[in-house]
Amino acid sequence: MAQRGIQLDQDKLCCSICLDLLKDPVTIPCGHNYCMNCIKCCWDRGDLREIPSCPQCRQTFIPRPALVKNTMLAELVEELKKTGLQTPPADHCDAGSKDVACDFCIGEKMKAVKSCLQCLVSYCEQHLQPHYESPAFKKHQLVDPSQMRIICPRHNEVMKIFCRTDQQCICYLCSMDEHKGHCTVSAEAERKERQKALGASHEKLQRRIQEREEAKRVFQQEVEAINHSADKAVRCSEKIFTELIKTIEKRSSDVTQQIRLQQKTEVSRVKELQEKLQQEISELRRRNTELEQLFHTEDHTQFLCTYTSLSHISEWTDSPSINIRPLRYFEDVTAAVSKARDKMQEIFSDVYANISLTVSEVDVLLPQPDPKTRATFLQYSCQLTLDQSTANSLLILSEGNRKATGMPTLLAAVQLAVDLYANKPESHAFTNRFQVLSRETLTGRCYWEVEWSGGGVTVAVTYRDISRKQQDESEFGHNDKSWALQCVNQRCFFKHNKRKTPISVCRPSRVGVYLDHRAGILSFYSVSGTMTLLHRVQTTFTQPLCAGLGLDMGSTAKLSDLK
């Protein structure tokens, strides 16, 4: 126990900087002790502007204290050195929370340096010495203390075998007992297999992390794009509404000005009439005075002479009276403005509802309604031409490859014979169907028209990779890659993926095709004086499309010029 006490004193005489016994010990003002050279170097390494402080308690000193050797501590250190006890090696240190402790130490446990598989005990350096010195322990197997954690609890043997059947580590005795007949391998071999799987999982995890990081970056860009778009929309909407308010204010000013101008005109006209009436009233009053004077004249001769000159006075008494009827004046204007207000409020209500719906569904693809008039359809017209390389050899293209004609029967037979004799090389043309594709691909919103005559025609849209050779798969509407309107024998059918839908409309001589690729809308119309819907498709297009024409022998179809 005395030795243990000295050990504690030795710990107290160690420098907390170099962790060794104090050399030329000094005591700084806070009371902590250091080697003179250690504390001096510590303060010298700091910034010149930095205030000296204690490495342990961080108390600062102004000014920097003078370092004086503590003679009493120096003497204690010298006495400790004379006993021959130095700083214990690492293996003699106290066992930490993650270390294996010596099973023989009493009181404070020391760190174990070896474990015995026969004794099933862990030893520190001091208690391990008998295993090195005594012949009785010569055959005992010493291992690292960490290996004692994988000792079989039943047989006290190291578990170096892995049972794949039960998925657990076992010892060699377990493999001959309850794990007999199981699939077993060495723990090392199983670890290699697991490491391979772990490596693959690690790579997969790394890829997933990279994918998520990329997705995170994309989402961040999306956030920035949304914010930018929203800010721009706010600025534009404020500008538009400001312009609209200015327009309304200008219209209000114009109406006010017109009312005031009309008011001035009407008041001026009425005042003019008032003046005329006043003049007439004055004249009538004068005549009335003359008549009264004549009426009271006593001289008969004078009365008769004056009466003759005033005989026309009766015309005034027979003049028509002025009828005053109630007038509405500008009430009609007020009613018209009120009507305009109600109409604008109704429009704004509908428009605002549409704007609100658009804002709330900004990330949803909303299909736009189909146009209603041919003039509106023509806004999306596209100029198409036929691709000669896809045309069946029995089709004749003309008019700048915008017109296709099926050869008559006799000419078709001759052409077939020529083709067989010529043994033509592989091509992209339709070989079993009298069909042809457009050279252009179709995306977005498109509209075109087809005029035709003869026995029958098929107007189609299709993916470009439609089969060109197989008898059935190459026919428009007989696969999942094409949508077709077939007009034949005074009847019409819609065909897709071998399904035929009859259309109760006499076959049209002019067919309009409207495509909204993004919204997945395809519509066929009969074009005459009006646009008559024949069939409408709502689907999802996964590739760009081509226009297609299929003809019977002797029939003709032409892509109309809509420009």
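Refer to the structure presented above.
Residues numbered from 1 in each chain as written. Predicted model: local features only at pLDDT ≥ 70, side-chain atom pairs only at ≥ 80, totals over all residues. Heavy atoms only, no water.

Draft legend 1. Region of the structure containing the overall build of the chain. Of regular secondary structure, the chain possesses eleven helices and 21 strands. In the chain, buried positions account for 26% of the 563 residues. Nonlocal contacts in the chain, meaning residues at least 24 apart in sequence, comprise 55% of its contacts between residues at least 6 apart. Accessible surface computed for the chain: about 38,200 Å², of which carbon and sulfur atoms make up 55%. (Helix = DSSP H or I, 4+ residues; strand = E, 2+ residues; numbered from the N terminus. Buried < 20%, exposed > 50% of the residue type's maximum accessible area, 1.4 Å probe, protein only. Contact = heavy atoms within 4.5 Å. Areas by Shrake-Rupley, 256 points an atom, 1.4 Å probe, with all protein chains shown as cover.)

Draft legend 2. Molecular detail of the side chain of Ser474. Structurally, Ser474 is set in the loop between β13 (456-463) and β14 (482-488). What makes Ser474 buried here is its relative accessible area of 0%. Within the local environment of Ser474, its side chain forms a polar contact with the backbone oxygen of Gln470, the two atoms lying 2.4 Å apart. Residues in contact with Ser474, not counting those within four places in the same chain, are Phe430, Arg433, Gln435, Ile466, Ser467, Arg468, Lys469 and Asn479. (Polar contact = N/O pair within 3.5 Å; in protein donor to acceptor, adjacent residues only side chain to side chain.)

Draft legend 3. Inspection of the pattern of salt bridges at higher detail. Counted by the stated rule, this structure contains 26 salt bridges. Between Arg251 and Asp254 there is a salt bridge; the shortest N-O distance is 3.9 Å. Taken as a pair, Arg251 and Asp254 lie in helix α6 (residues 187-295) at a separation of three residues, close to a single helical turn. Here Arg251 falls in the exposed class, since its relative accessible area comes to 55%. In the salt-bridge network here, residues are joined through shared partners; they are Glu283, Arg286, Arg287 and Glu290. (Salt bridge = Lys/Arg side-chain N within 4 Å of Asp/Glu carboxyl O.)

Draft legend 4. Quick peek at unusual backbone geometry. The omega angle of the peptide bond from Ile62 to Pro63 is -5°, so this bond is cis rather than trans. With respect to the secondary-structure elements, Pro63 resides in the loop between α2 (36-45) and α3 (71-82). Even without being a glycine, Asp24 presents a positive backbone phi close to 50°. Structurally, the position occupied by Asp24 is in the loop between α1 (2-12) and β1 (25-27). What makes Asp24 partly exposed here is its relative accessible area of 42%. Positive phi outside glycine occurs at Asn497, with the angle close to 55°.

Draft legend 5. Spatial organisation of a nonpolar patch on the surface. Taken together, Phe241, Leu244, Ile248, Met344, Ile347, Phe348, Val351 and Ile355 make up a surface patch of nonpolar side chains, about 620 Å² in accessible area. Of all elements in the fold, only α6 and α9 (331-360) reach the threshold of two or more residues within the nonpolar patch. Residue contributions to the nonpolar patch peak at five residues, all from α9. Along the chain, Phe348 falls in helix α9. (Patch = residues over 30% accessible without salt bridge, like charges linked within 9 Å, V, L, I, M, F, W, Y side chains within 5 Å.)

Draft legend 6. Seen up close, the nonpolar core. Leu442, Trp448, Trp483, Val513, Leu522, Phe524 and Leu549 are the most contacted members of the largest nonpolar core, which totals 36 residues. In contact with Leu549, not counting residues within four places along its chain, are Leu386, Phe434, Gln435, Val436, Val450, Thr458, Val459, Phe476 and Ala557. Listed in part, the 16 residues of the second largest apolar core include Leu13, Cys15, Cys35 and Cys38. (Core = buried A, V, L, I, M, F, W, Y, C linked by side-chain atoms within 4.5 Å.)

Draft legend 7. Region of the structure containing the pairing of strand β12 (residues 445-453). With seven bridges connecting them, β12 and strand β17 (residues 510-516) associate as antiparallel partners. Its bridge partner lying in β17, Glu449 is registered against Gly512. Strand direction decides the pairing type here: β12 and strand β21 (residues 556-559), joined by four bridges, are antiparallel. Among the inter-strand pairings, Ser453 is bridged to a residue of β21, identified as Thr556. (Pairing = 2+ DSSP bridges.)

Draft legend 8. Region of interest: the sheet that holds strand β9 (residues 395-398). Read from one edge to the other, the open sheet built from seven strands follows the order β9-β10-β21-β12-β17-β18-β19, with strand pairing classed as antiparallel. Sheet topology places β9 and β19 (531-538) at the edges, where each strand pairs with a single neighbour. Taken over all neighbouring pairs, the strand axes of this sheet differ in orientation by 20° on average, direction set aside. With six bridges joining them, β17 and strand β18 (residues 521-527) adopt antiparallel strand pairing. Looking at the pairing, Gly512 lines up with Tyr525 of β18. (Axes fitted to C-alpha atoms, helices over the stretch in contact; angles between N-to-C directions.)

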